[in-house]
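Structural features, examined
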Amino acid sequence: MAERPPDPSAEGYDPRADRAAPRVEEAAPGVSHHEPIGLRERLSLNRMGTFDWDLDSGFMDLDPGAMEVFDLRPGEYDGAPTSLTLRVPPEEGLRLDAALSQALQDGNSSYGAYFRIQCRDGTRRWTHSQGRILHNAQGVAYRVIGIVREATSELADSALLRSLQQERQRQTVMVQQTTAALARALSVTDVTRVLTGTGGARRFGADALVLGLVENDRFEVIATAGLDGEVPADMMNSRLDDTLPLSDAVRSRRPSFLSTRGELVARYPRLRPSVDVLPTGSAAFLPLVAQDTVLGALGLFNREPAVQSPEARNLALALAGVVAQSLQRATLFDQEREFATGLQAAMLPRLLPPIAGGEVTVRYHPASVGRDVGGDWYDVIALPQGRTGLVVGDVQGHDTHAAAVMGQLRIALRAYASEGHPPETVLVRASRFLAELETERFATCTYIQADLESGALYLARAGHLGPLICNSSRHIDWPEISGGLPLGLATAFGQDHFPETQLFLEPGSTLLLCTDGLVEQPGQDISAGIDALSAAVRAGPTALDALADRLSDHLWAEPGSDDDMALLLLHRSAIPGEAATPRLRLHVHQADPAGTAEVRSAVRRTLDQWRAGAVTHDVEVAASELIANALTHTESGALVSVELLPGSPCRIRLEVEDRSSQWPRRRRPGETATSGRGLLLVEALADRWGAEPRGSGKALWCEFVVPDDPPGRGS
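Below, the discussion takes up the overall build of the protein chain. What the protein chain contains, in helices and strands, is 17 helices and 27 strands. Residue burial in the protein chain is summarised as follows: out of 715 residues, 45% are buried. In the protein chain, the share of contacts with a sequence separation of at least 24, taken over all contacts with a separation of at least 6, comes to 62%. Element-wise, carbon and sulfur atoms account for 51% of the exposed surface of the protein chain, whose accessible area totals about 36900 Å².

Put into structure tokens, the structure is as follows:
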């Protein structure tokens, strides 16, 4: 009788110890309890076999275990490797051949590869082959000896691990994307935009969502996404009770996870009338708690029924915590912003004075993003003798300090203007006032004294945008306005001088003043914004309020400007019974050496808009000569007017008016004379010219026939 081997469990490790393993029916009942098991039997029990491949003869021997792995019967294999194509599909054979060929090419002594076989029942299973390559004395491979084994369960475990890893990566990405998106959300509106925008619900691994907040002991739904219809009105605002899942989550402060829509309706029968709105799958209802305060609740819905895993539930709770913190921060931001914008609005004029001969409208918008407010302002001031003061300005900075400085500066400038001072004096005093505040802030500003009865405009500019003028024919002009440094800086540098410019606003024309928030966008040159503003005014409605709304909506609100914006529009009413003709009127001061050049530049721009063509140069030269004549021979400035007269052909009429009653004389200068040729040039260039009395002075005029041009002149 053979001696029984020692019992290892009595002396050492026994894997069965302290384990309540279940009773399993043996799949290999032919193996005796104590019978020694040979190598091949051991391999076969582990679904493994061996092969021996003679590369010289091409014969490959498979043992019974390998035959079983390949699901082959004895009559189905003749020893040729090509016979394995019965079980090995072509693409898998190429995988095996590539692994062996690479090993032979690299001179390796072993190789391995996973491949799939086609079983006789049509199913596919994974198999692994590993071989040792034997080489002769010359280093030439002559034999491969190896094993094949079934690897389906092994790769299934690997696939499960990969699936779990992919799921963890997906969850990590969800948290990162949601956190990043909500980190940029400042207001409650921004938070709801993140949740309901493109991919909003998917960031939470859901197909639809509902968000609601607690407001005065009631629950109000503020955002939905992905639902198949509208939430009923009685559920948009409801009491905090247990009849609806979101309000129940708020009241109980506990999340709930439901597997199907039927389970949801069974728990909350009040949802039954609106069941078609909800997806058919699982749902999660999560209270939004921040600093021990319940702000609201978030509902997540899926189209497929599912029992959510602990990992999925923990992820949902973590994301709900991120949303709660974002909502708490956004609520505080909205409260602060409401206070700041209310403070700034209180500093702007509430009512505008009536204007005889025209109308005025204003718009102000705080910055669309950010917590702080800016220092933009406008003002309309009733002045003595029926005139009107118009102000648009911008204090440096975007904070409550800028708004406070703006309030002080606006009041001071209004006081100086109300005393009837000319624009230059008003800005000089305002600059000194701002410097004396010692705020280290400067301000840009444009101030206009307007007399709509005559159309005269007296302007001074301190580092700010000049005005835009749109006449009755929808021609746009940005007249060149001399200016000085910004208020405060001008005084600090000892250059508080703001030259005054005189313009004329013709009947039916509109003047626009604005801050740079209307024409500046991040990453764009300001000239692009100025061109866009010109085009919007040209194509905009004629009604002043409608035009102001259009400019605010399309140039400021839609792009979402980072800056605040103040806009002022002044319209001079058309004179009844008088036909409106395109006209430009400018005033040249007696002591302004650059006045003639500025007038020529303005005339050139205007004539280009009128498509005057070849006569543009002639009109410029004539204007220069007539202005020089007025400034040289009189003691007053000159009033320059250019009109486009209707008719066929069109004519351009140029007038230069002064306050001297002395009539001009046409002279014949000698060859060496340096003056006296002005009227001769005008006579040579113009089709008609002449002089006529004007009140206490006179006007020299000349007309130019405009050559025929393609249709569209004046558009």
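What follows is about the pairing of strand 25 (residues 651-658). Strand 25 sits mainly inside the fold: six of its eight residues count as buried. Of the pairings in the sheet, the one linking strand 24 (residues 638-645) to strand 25 comprises seven bridges and is antiparallel in character. Pairing of Leu639 across the sheet is with Glu657, part of strand 25. Counted along the chain from strand 24 to the antiparallel partner strand 25, the turn is five residues long, and its residue Gly647 has a positive phi close to 125 degrees. As paired strands, strand 25 and strand 27 (residues 697-705) are joined by eight bridges and run antiparallel to one another. Across the sheet, the residue bridging to Ile652 is Phe704, located in strand 27.

Here the focus is the sheet that holds strand 7 (residues 218-225). If you walk across this open sheet you meet the six strands as 8-7-6-11-10-9, and the pairing is antiparallel. The open sheet has two free edges, formed respectively by strand 8 (237-239) and strand 9 (256-258), since each of these has just one partner strand. Going from strand to strand, the sheet's axes swing by 25 degrees on average, the running direction of each strand aside. As paired elements, strand 10 (residues 283-290) and strand 11 (residues 293-301) share eight bridges and run antiparallel to each other. Bridge assignment links Phe285 to a residue of strand 11, and that residue is Gly299. Packed on one face of the sheet, helix 5 (residues 188-196) meets strand 6 (208-215) and strand 7 and runs near 50 degrees to strand 7.

Take the pairing of strand 16 (residues 456-462) next. Of all seven residues making up strand 16, five are buried, and the element is well covered by its neighbours. Here strand 16 runs beside strand 20 (residues 501-504); their pairing, made up of four bridges, is antiparallel. Paired with Ala456 across the two strands is Phe504, which belongs to strand 20. Bridge count between strand 16 and strand 19 (residues 483-484): two bridges; the pairing is parallel. Of the residues in strand 19, the one forming a bridge with Ala462 is Gly484.

Think of a sheet as strands paired side by side through backbone hydrogen bonds, with each pair either parallel or antiparallel. Spatially, five strands are ordered 2-1-5-4-3 in an open sheet, and the strand pairing comes out antiparallel. Looking at which strands have only one partner, the edges of the open sheet turn out to be strand 2 (60-62) and strand 3 (110-118). Neighbouring strand axes in the sheet, compared pairwise and without regard to direction, differ in orientation by 25 degrees on average. Pairing geometry for strand 3 and strand 4 (residues 124-135), over nine bridges, is antiparallel. By the bridge assignment, Ser110 is partnered in strand 4 with Arg132. Across the sheet, helix 3 (residues 90-106) touches strand 1 (48-54), strand 3, strand 4 and strand 5 (141-150), and the angle it forms with strand 3 is around 175 degrees.

Attention now moves to the packing of helix 16 (residues 615-633) against helix 17 (residues 678-685). One can describe the packing of helix 16 onto helix 17 by two numbers: an axis separation of 9 Å at closest approach and a directional angle of 155 degrees. Classed by the angle they form, the pair helix 16 and helix 17 counts as roughly antiparallel. Between helix 16 and helix 17 lies a crossing of left-handed hand. Seen from helix 16, the contacting residues are Asp618, Val621, Ala622, Glu625 and Leu626; seen from helix 17, they are Gly678, Leu679, Leu681, Val682 and Leu685. Class assignment of the residues belonging to the contact of helix 16 with helix 17 gives a composition of seven nonpolar, one polar and two charged.

What follows is about the side chain of His571. Positionally, His571 belongs in strand 22 (residues 565-572). For His571, the side chain forms a polar contact with the side chain of Thr510, separated by 2.9 Å. Setting aside anything within four residues of it in sequence, one finds His571 in contact with Gly357, Gly358, Glu359, Leu452, Gly508, Ser509, Thr510 and Leu544.

Bringing the pattern of salt bridges into the picture now. What the rule picks out here adds up to 35 salt bridges. Arg143 is paired through a salt bridge with Asp52; the nearest N and O atoms lie 2.3 Å apart. Linking Arg143 in strand 5 with Asp52 in strand 1, this pair joins segments that are 91 residues apart in sequence. With relative accessibility at 22%, the residue Asp52 sits in the partly exposed group. Between Arg253 and Asp292 there is a salt bridge, with the nearest N and O atoms lying 2.8 Å from each other.

What follows concerns the confidence of the model for the protein chain. On average, residues of the protein chain carry a pLDDT of 83, and 86% of them reach 70 or more. Overall, residues 710-715 carries pLDDT values under 50, and its contacts beyond four positions in sequence, including any with other chains, amount to twelve contacts.

Moving on to helix 11 (residues 423-436). Over its 14 residues, helix 11 runs 20 Å from end to end, which matches the ideal 20 Å to within 8%, given 1.5 Å per residue. Where helix 11 is concerned, the buried positions are Pro423, Val426, Leu427, Val428, Ala430, Ser431 and Leu434. Directly beyond the C-terminal end of helix 11, a positive phi value near 55 degrees is found at Glu438.

Moving on to the packing of aromatic side chains. Applying the stated criterion across every chain, the model contains two aromatic pairs. With a centroid separation of 5.5 Å and an interplanar angle of 80 degrees, the aromatic rings of Phe285 and Phe301 are classed as edge-to-face. Highlighted residues: Phe285 in strand 10 and Phe301 in strand 11, separated in sequence by 16 residues. We classify Phe285 as buried; its relative accessible area is 1%. A relative accessible area of 5% means that Phe301 is categorised as buried.

So, how was this worked out
- Residues numbered from 1 in each chain as written.
- Predicted model: local features only at pLDDT ≥ 70, side-chain atom pairs only at ≥ 80, totals over all residues.
- Heavy atoms only, no water.
- Helix = DSSP H or I, 4+ residues; strand = E, 2+ residues; numbered from the N terminus.
- Buried < 20%, exposed > 50% of the residue type's maximum accessible area, 1.4 Å probe, protein only.
- Contact = heavy atoms within 4.5 Å.
- Areas by Shrake-Rupley, 256 points an atom, 1.4 Å probe, with all protein chains shown as cover.
- Pairing = 2+ DSSP bridges.
- Axes fitted to C-alpha atoms, helices over the stretch in contact; angles between N-to-C directions.
- Parallel < 35°, antiparallel > 145°, perpendicular 65-115°, else oblique.
- Left-handed = near helix turned anticlockwise from the far one by under 90°.
- Nonpolar A, V, L, I, M, F, W, Y, C, P; charged D, E, K, R; others polar.
- Polar contact = N/O pair within 3.5 Å; in protein donor to acceptor, adjacent residues only side chain to side chain.
- Salt bridge = Lys/Arg side-chain N within 4 Å of Asp/Glu carboxyl O.
- pLDDT = per-residue confidence, 0-100.
- Expected span 1.5 Å × (residues − 1).
- Phe/Tyr/Trp six-rings, centres within 6.5 Å; stacked < 30°, edge-to-face > 60°.

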